[in-house]
Amino acid sequence: MRYLRYLIPLAAFVVLTGFLMKGLWMDPHTVPSPLIDKPAPEFRLTQVADPGKSIGRDDMLGKVWLLNVWASWCVSCREEHPVLVEFAKTGMVPIYGLDYKDTRDEALKWLERLGNPYQASLFDPDGRVGIDYGVYGVPETYVIDRTGTIRYKQIGPITPEILHDKIVPLLRKLNA
Amino acid sequence: MIAELGSFSLMVALAVALVQGILPIVGAARGNAAWMRLARPAARALFVLVVVAAACLVISFLRDDFSVVYVATNSTRALPLRYKVAAFWGGHEGSMLLWLLILSFWMFAVSLFSRHLPQEMVARILGVMGLIAVGFLLFILLTSSPFERLIPAPEEGRDLNPLLQDPGMVAHPPMLYMGYVGFSVAFAFAIAALLGGNLDATWARWSRPWTTVAWSFLTLGICLGSAWAYYTLGWGGWWFWDPVENASFMPWLAGTALMHSLAVTEKRGGFKVWTVLLAIFAFSLSLLGTFLVRSGVLTSVHAFANDPRRGVFILLFLSIVIGGSLALYAWRAPKVGLGERFELISRETMLLTNNVLFLSAAGAVLLGTLYPLFLDALGLSKISVGPPYFDVVFVPLMTPGLFLMGIGPLARWKQANLPEIGIRLKWAFGVSLITALLLPLALGRWSGLAAFGLWLALWIFAATMVNLWSRLRPLPVSGLAARLRALPLGYLGMLTAHVGVAVFITGVTLVKTYESEKDVQMDIGDTVTMGPYTFKFNGVTNGARENYLYARGAFEVSRNGHVLTTMSPEKHQFVVSKGEPSTVAAINRGFTRDLYVALGEQDGSSPTAWVVRVYYKPFVDWIWGGCLVMAIGGVLALSDRRYRFARSTSRDVAEPTLSATAAA
């Protein structure tokens, strides 16, 4: 028995190898969210730019909108950001940000530096609203329709292809 | 022809590596002296062959031989000479060849500096390293040859990635690899010891200088990388916790633990099993880092899809090397025994705590780095684990270790007396605490975090000085220089490295707390003020240099009305690879602060207006200065007389007295 502990490092390594092996063959596919076609969870949060103003889910009823979860510390968001900034210029849909587990200071600096595609960003420092939305990680994007129902969820950065092939057609349909 | 010569050279090298990896180890097991003697000449031949291959690649670059795919993808005719050489390691294939080159360099070094080692030990060490070389040679020849031809050859190459066209590229990767791969020596020593079953103090004494030198290189390599990122990314950060950085940081953490553990094994014969395990970990993390960076599993799964053979190969290799050595460990370590016993309060305990903390930190970094992969593998998708995680986990893990750094070197081996240490350090504790509480006020704004960081730094520094003084005072010579010279370099090296840590913490703390930045739109004549400094924008001039166009801003910097200097940040647009323009920040460095100006985008409002980022970074250079001091500490320790190879027997006799003074 007392020799077993010498096997621990090996055992840990075997588990690690399993994950690495799987990692090699993985495709970054999106997992269907259980929230699709369900009402968007309720929230009321202050804005990043103005702690005095708050926005809630029901303020958004009646319009189709995008909720983009981001954070100033998130590397993939940096990658995604120019795509959003460009897309925001088309004015096709209002984009709201959910600033996840971040600080106001950092977030504002980030927006100032990289451009601000958002109508407003909601400030979620402890990630509580993020949990309600089932945020696995950042970035994530939700398409929410006029009735406040989630119609699409993108996990990971939005690429121009995803925007063009999935999000834009869906928005056309919802806005029709 | 040159490229074919390179390929051929690698094939011959593979044959030599097979001989080196098999015969000496078998010879050592069977007591066949002739087979064991093959190890040294084989290692030297392998080194020569790999150097020839590397030279072939360099020549292909210098001759703009675009019929070689690797050259065509990483160079152009107009690429300046220094980058044509550095383009060697600008891509995957060349990086692997650099890995192999440095591995064979280390083998060559072992073959030269191993005359005092028993024949069997040399055979096993070089044999193990030979087997690692076999793995890398197969990998290069089967999946990643830098000598593939492209017929017909294109007229012009695709250029080295603009971000890599920087002096940092010339020095950073070789330094880093010297460190990474240098841990293969300690690893080979550990495996050789497990195979031979003799893990004693002599074994530790042999491993120590190799570990220290690799660690010093790695420290410098990481430091160079960080300094490079600082001036080239244009937003003044110096560490980003990104997977590639973490890949180099994990072996550093394990290597630091290993260095300390080796000290115990050498001086006290303790921690034997633990030291072996750490040696395996340090090199395994180097290999894992190579896998993570090279296979692309982390940053982008797609990068890998075009050639899955590579990832599978590295993973297979990783499993054999790491899995094999951990299996060997599980089999042989129980027979080695744990070594000398020690009391709860002793230098051993402190070093053990240090080891556990460093290893936990490495584990935490590993977890943070692989977490996205784990989630992905479990079908939970792609996320990014950011600095919040690392800051939250890393700082609390390291803090007790840093506190112990003050106490540990003063504690006696085997059994120490806490009240006695308390008495010796009470002044260091009091003075560092009071200074740390007051210092932030002098810097303009009191902050708890700043006070805490400064306290740790001052505490380490003060305790180190108390330690030094306690060793200097009883020496029978007079004069500070003479007294310092009378101390062993190994000891001075340790103190130096610890002071380096204090310098580093000071830098990190102050820059985190007191840095300030402004993003402003500026037109000609506009000024921006930051603290006592005023920056006046005098416009941008355009021009061309070597292989890029540049836009060069001019900022007149004045302090309280006196003009100090002109700072000229640039944007570079490379002609061949038309990508994003790269940023070269202008940095006015100082002992206590950096002024940092970077050009952002051209602002649409007026043809002469730019978005400009101005940073004031107090004490930021102390971060790299601290790393440099740590590396110097490593070099000092390495120069200790007891590692000189032609050692007379009288020194061996003198050794116990030396450790006796160390304990006193």
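Residue numbers run consecutively from 1 along every chain, following the written order of its sequence. All chains are assigned letters beginning at A, and all ligands numbers beginning at 1, according to the order in which they are written. Only residues with pLDDT of at least 70 are given local features in this predicted model, and only at 80 or more are side-chain atom pairs given and counted; all residues enter the totals for whole chains, interfaces and linings.

**Considerations on helix H5 (residues 160–175) of chain A**
Note the threshold: Fitting axes to the seven residues that end at a residue and to the seven that start at it, the angle between those axes gives the bend at that residue. Going along the chain from the N terminus, every DSSP run of H or I of four or more residues is numbered as a helix, and every run of E of two or more is numbered as a strand. Every C-beta atom is placed from the backbone, and the number of other C-beta atoms within 10 Å of a residue's own sets its class: buried at 20 or more, exposed at 12 or fewer, partly exposed in between.
The largest bend in H5(A) comes to about 35°, at Ile167(A), with the proline Pro169(A) one to four residues further on. The buried count for H5(A) comes to one of 16 residues, which makes it a mostly uncovered element.

**As for the environment of Ile150(A)**
Residues and elements named next belong to chain A. Heads up, the rule is: Note on contacts: each residue gets a C-beta atom placed from the backbone, and two residues are in contact if those atoms are within 7 Å.
Within the secondary structure layout, Ile 150 lies in strand E7 (residues 150–155). Once the C-alpha coordinates of Ile 150 and Ala 40 are considered, the two residues, 110 residues apart in sequence, prove to be 5.6 Å apart. Each residue touching Ile 150, except ones within four places of it in the same chain, is listed here: Leu 35, Ile 36, Lys 38, Ala 40, Tyr 142 and Ile 144.

**What about the environment of Asp37(A)?**
Residues and elements named next belong to chain A. For Asp 37, the position within the fold is in the loop between helix H1 (8–25) and strand E1 (44–46). Looking at Asp 37, the number of C-beta atoms within 10 Å reads 11, which means it is exposed. Separated by 18 residues in sequence, Asp 37 and Phe 19 place their C-alpha atoms 32 Å apart.

**Re the confidence of the model for chain B**
All names here are of chain B. Applicable threshold: Known as pLDDT, the predictor's confidence for each residue is given on a scale from 0 to 100.
Averaged over every residue, the pLDDT of chain B is 86; residues scoring 70 or more account for 92%. No element of chain B has a lower mean pLDDT than helix H12 (residues 302–305), at 36, and none a higher one than helix H3 (residues 39–62), at 96. In this model residues 299–306 is a low-confidence stretch, pLDDT under 50, and it forms 10 contacts with partners more than four residues away in sequence or in other chains. Long-range and interchain partners of residues 645–664, a stretch whose pLDDT sits below 50, account for 11 contacts in this model, where long-range means more than four residues apart. Complex prediction metrics read pTM 0.81 and ipTM 0.72.

**Details of helix H3 (residues 104–114) of chain A**
Residues and elements named next belong to chain A. Applicable threshold: In this description, one arc is meant: the one made by directions from the helix axis to the C-beta atoms.
Looking only at H3, the buried set comprises Ala 107, Trp 110 and Leu 111. One side of H3 carries all its buried residues, which in axial view fall inside an arc of 95°. For H3, the elements touching its buried residues are strand E4 (95–100) and strand E5 (120–124). Just downstream of H3 lies Gly 115, where phi reads positive at about 100°.

**Observations regarding the sheet that holds strand E10 (residues 610–618) of chain B**
Residue and element names in this part refer to chain B. Heads up, the condition is: Any two strands with at least two DSSP-identified bridges between them are counted as paired. Lines fitted to C-alpha atoms define the axes, with helix axes restricted to the stretch in contact, and inter-axis angles between N-to-C directions lie between 0 and 180 degrees.
Spatial strand order, E1-E10-E9-E8: four strands in an open sheet with antiparallel pairing. Either end of the sheet is taken by a strand with one partner, and the two such strands are strand E1 (516–522) and strand E8 (586–589). The average angle at which neighbouring strand axes cross in this sheet is 15°, direction not considered. Relative to E10, E1 runs antiparallel, the two being bridged by seven bridges. Bridge pairing in E10 places Val 520 opposite Val 612.

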